[in-house]
Amino acid sequence: MKIVSLEQSVVQRERTMRVNMEEMGKTMTARYDNTVSHIEEIVDGLSRRMYR
C-alpha cells in the first residue's frame, strides 16, 4: 500500500516538473524573442542615424 502511494507521489511530481519546465520554456522563448526584437530596433535606429 505504501509503495503504491509513493509511486503515485513520484508520478505527480514528475507531471508537475514537466509542466513547470514547459512553462519555463515558453517564458524563455518569449523573453528571447522580446530581446531580439529590442536589439533589432536599436540597430535599426543606429543605422538610420549613421546614414543621414
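Enquirer: Quick question: what am I supposed to make of the overall build of the protein chain here?
Expert: Helix and strand content of the protein chain: 1 helix and 0 strands. Over its C-alpha atoms the protein chain spans a radius of gyration of 23 Å, topping by over 25% the 10 Å that the globule rule assigns to 52 residues. Buried residues in the protein chain amount to 2% of all 52 residues. Element-wise, carbon and sulfur atoms account for 59% of the exposed surface of the protein chain, whose accessible area totals about 5,400 Å².

Enquirer: Looking at this model, I keep getting lost on the environment of I3. Mind explaining?
Expert: Within the secondary structure layout, I3 lies in helix α1 (residues 2–50). Assessed through its relative accessible area of 61%, I3 is described here as exposed. Through-space distance from the C-alpha of I3 to that of N34 is 46 Å; in sequence the pair is 31 residues apart.

Enquirer: Looking at this structure, I do not really get the environment of R13. What am I missing?
Expert: Residue position: R13 is located in helix α1. For R13, a relative accessible area of 60% puts it in the exposed group. In this structure the C-alpha to C-alpha distance between R13 and Y51, which are 38 residues apart in sequence, comes to 57 Å.

What counts and what doesn't
Residues numbered from 1 in each chain as written. Predicted model: local features only at pLDDT ≥ 70, side-chain atom pairs only at ≥ 80, totals over all residues. Heavy atoms only, no water. Helix = DSSP H or I, 4+ residues; strand = E, 2+ residues; numbered from the N terminus. Rg over C-alpha atoms; globule rule 2.2 N^0.38 Å. Buried < 20%, exposed > 50% of the residue type's maximum accessible area, 1.4 Å probe, protein only. Areas by Shrake-Rupley, 256 points an atom, 1.4 Å probe, with all protein chains shown as cover.

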